[in-house]
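Each chain, written out:
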Amino acid sequence: VHNIPVRHLMSSYAKWWCDMNTRIQFSDFNLSQEVGKAIEDMGFEEPSPIQALAIPKIQAGRDVTAQAQTGTGKTAAFGIPIIEKIDPAQRRVQALVLCPTRELCIQIAEEFSNLLAHLPKITVLPVYGGQPIERQLRALQAGVHIVIGTPGRVMDHLDRRTLVLNNVKTAVLDEADQMLDMGFRDDIERILKLVPQDHQTLLFSATLPQPIIDISRRFQNKPEFVRVEYAELTVPQIEQTYIEVREREKLDVLCRLIDLEDPKLAIIFCNTKRRAEELSGKVRARGYRADELHGDMKQ
Ligand code: AMP
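Residues numbered from 1 in each chain as written. Predicted model: local features only at pLDDT ≥ 70, side-chain atom pairs only at ≥ 80, totals over all residues. Heavy atoms only, no water.

Student: What's the story with the sheet that holds strand 2 (residues 64-67) in this structure? I'm lost.
Tutor: Sheets are built from strands that pair by backbone hydrogen bonding, the pairs being arranged parallel or antiparallel. Spatial ordering of the open sheet is given by 4-5-3-6-7-2-8, a layout of seven strands whose pairing is parallel. Every other strand in the sheet has two partners, leaving strand 4 (124-127) and strand 8 (224-227) as the edge strands with one partner each. Each adjacent strand pair in this sheet contributes to an overall mean axis angle of 15°, direction not counted. Relative to strand 8, strand 2 runs parallel, the two sharing four bridges. (Pairing = 2+ DSSP bridges. Helix = DSSP H or I, 4+ residues; strand = E, 2+ residues; numbered from the N terminus. Axes fitted to C-alpha atoms, helices over the stretch in contact; angles between N-to-C directions.)

So this is what it looks like as structure tokens:
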């Protein structure tokens, strides 16, 4: 393995974080004590660039289009101002976040729950396909303030009239480009048409292809545009390396690395289901305890 060129990728994340000319603090946002305390509990010391840029605009009631990837802190960028706007006394859905997958849905709901740690009266509910609908029905009937949902399941609830959007003040399209790629365009449009006219629409997307611009034109009112230039998907605590190998050497190199590093647990990401299946079979054939996980398998 020592003959293989291993290059260390510099993490520009820390640098990008420090390069911000204006160092904005969470205290600059006039947050409630409860949200401020939750942010402290979560260990956030200062706003990430997308938060520094987007939070004041969202607080000012503007529609915002934000170009930001996962890992930039975008969830809290819309989560913090949304939570501050919720009226706990009104047990109606006041904010709706649409996102492409159940995993993201759960992740966003968890981030919201953390931000709500000191506001137990505000409730958040993830609604996604795959989970028994009855559980979601019960929770919706009891009244929730914030719904995080995948478009298909949200439509399902709207058709059953178990979800009412008449009181939504903020609608978020998170990972909008992914949602369009997954064919949710019609659902998104149908859902947004049911939200009252005078609401705020926030659009977060890693890329801004024409179909996203079209959605923005149709559903946003003079949106402010914010963008994080150096969105790195890395954290300084994780060392990253890459190895250049020819296709036919990949399996050998991988197995040698596993032997050398002797990891207790490891995840190998593949770009297709087929690849995951093949690789898992091949490493098992070599005596490693491995299993596969991909979208063709039952939940
Ligand atoms: P996201 O881009 O929303 O998926 O966030 C990526 C991760 O960064 C999540 O684990 C957040 O909890 C965390 N995070 C968000 N904002 C901050 C911040 N200001 N400081 C430190 N971590 C943060």
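Now, onward.
Student: Would you mind going over the site of the ligand with me for this structure?
Tutor: Near the ligand you find 13 residues, and of these Glu 46, Gln 51, Gly 71, Gly 73 and Thr 75 are the closest. Contacts to the ligand include Thr 72, whose backbone N or O atom sits 3.0 Å from an oxygen atom. Measuring from an oxygen atom of the ligand, one finds a side-chain N or O atom of Thr 75 at 2.6 Å. Its free accessible area being 500 Å², the ligand has 73% of it covered by the protein chains. Its residues assigned to classes, the shell around the ligand shows three nonpolar, seven polar and three charged. (Near = heavy atom within 4 Å. Polar contact = N/O pair within 3.5 Å; in protein donor to acceptor, adjacent residues only side chain to side chain. Areas by Shrake-Rupley, 256 points an atom, 1.4 Å probe, with all protein chains shown as cover. Nonpolar A, V, L, I, M, F, W, Y, C, P; charged D, E, K, R; others polar.)

Student: Quick question: what am I supposed to make of the packing of aromatic side chains here?
Tutor: When we look at a pair of aromatic rings, we describe it by the centre distance and by the angle of the planes. Under the criterion given, the structure shown has three aromatic pairs. Consider the rings of Phe 78 and Phe 112, whose centres lie 6.2 Å apart with planes at 40°: the pair is tilted. In this pair, Phe 78 is assigned in helix 4 (residues 74-85) and Phe 112 in helix 5 (residues 102-115), connecting sequence segments 34 residues apart. The same class applies to Phe 78 and to Phe 112, which are both buried. Every member of this aromatic cluster is reached through a ring pair, and the members are Phe 78, Phe 112 and Phe 204. (Phe/Tyr/Trp six-rings, centres within 6.5 Å; stacked < 30°, edge-to-face > 60°. Buried < 20%, exposed > 50% of the residue type's maximum accessible area, 1.4 Å probe, protein only.)

Student: Even after reading the chapter, I still don't get the pairing of strand 2, so can you show me in this structure?
Tutor: Every other side chain in a regular strand lies on the same face of the sheet, so the side chains alternate between the two faces. Judged by which residues are buried, strand 2 turns out to be covered on both faces: Val 64 and Ala 66 on one side and Thr 65 and Gln 67 on the other are all buried. In the sheet, strand 2 pairs with strand 7 (residues 200-205) via four bridges, with the strands oriented parallel. Paired with Gln 67 across the two strands is Ser 205, which belongs to strand 7.

Student: Quick question: what am I supposed to make of empty space enclosed by the protein here?
Tutor: One way to see where empty space is left: roll a probe the size of a water molecule over the atoms. Evaluation of the coordinates by the stated rule reveals two cavities of 30 Å³ or more. Taken as a whole, the second largest cavity holds about 40 Å³ of empty space. As for the second largest cavity, its lining consists of Leu 173, Ala 176, Leu 180, Ile 188, Leu 203, Ile 212 and Ile 215. Among the elements of the structure, helix 8 (176-181) and helix 10 (210-219) are those that each provide at least two residues to the lining of the second largest cavity. Grouping the amino acids of the lining of the second largest cavity by side-chain chemistry returns seven nonpolar, no polar and no charged. (1 Å grid on protein atoms, 1.4 Å probe; cavity = no way out; pocket = protein on both sides within 12 Å on 5 of 7 lines; lining within 4 Å. Points joined across faces, edges and corners; volume = space filled by probe spheres on them.)

Student: What should I look at first to understand the layout of surface pockets in this one?
Tutor: Approximately 2200 Å³ is the volume found for the largest pocket. In terms of lining residues, the largest pocket is bounded by 46 residues, among which Leu 254, Ala 266, Ile 267, Ile 268 and Phe 269 are the most central. Put simply, the parts of the chain that give the lining of the largest pocket at least two residues each are strand 9 (241-243), helix 11 (250-261) and helix 12 (273-285). Residues belonging to the lining of the largest pocket are distributed by class as follows: 24 nonpolar, eight polar and 14 charged.

Student: Would you take a moment to explain the nonpolar core for this structure?
Tutor: A general tendency of soluble globular proteins is for nonpolar side chains to be buried together. Residues Phe 78, Ile 80, Ile 82, Phe 112, Ile 146 and Ile 148 are the most contacted members of the largest nonpolar core, which totals 40 residues. When sequence neighbours within four positions are dropped, the list of residues in contact with Phe 112 reads Thr 75, Phe 78, Gly 79, Ile 82, Ile 83, Val 97, Val 124, Ile 146 and Ile 148. In this structure, Val 93, Met 179, Ile 191 and Leu 203 belong to the second largest nonpolar core, which totals 28 residues. (Core = buried A, V, L, I, M, F, W, Y, C linked by side-chain atoms within 4.5 Å. Contact = heavy atoms within 4.5 Å.)

Student: Would you explain unusual backbone geometry in this entry?
Tutor: Backbone geometry places Asn 30, a non-glycine residue, at a positive phi of 55°. In this structure, Asn 30 sits in the loop between helix 1 (13-19) and helix 2 (33-41). Looking at Asn 30, the relative accessible area reads 74%, which means it is exposed. Even without being glycine, Glu 175 reaches a positive phi, approximately 50°. Mapped onto the secondary structure, Glu 175 falls in the loop between strand 6 (170-173) and helix 8. You can call Glu 175 buried: its relative accessible area is 17%.

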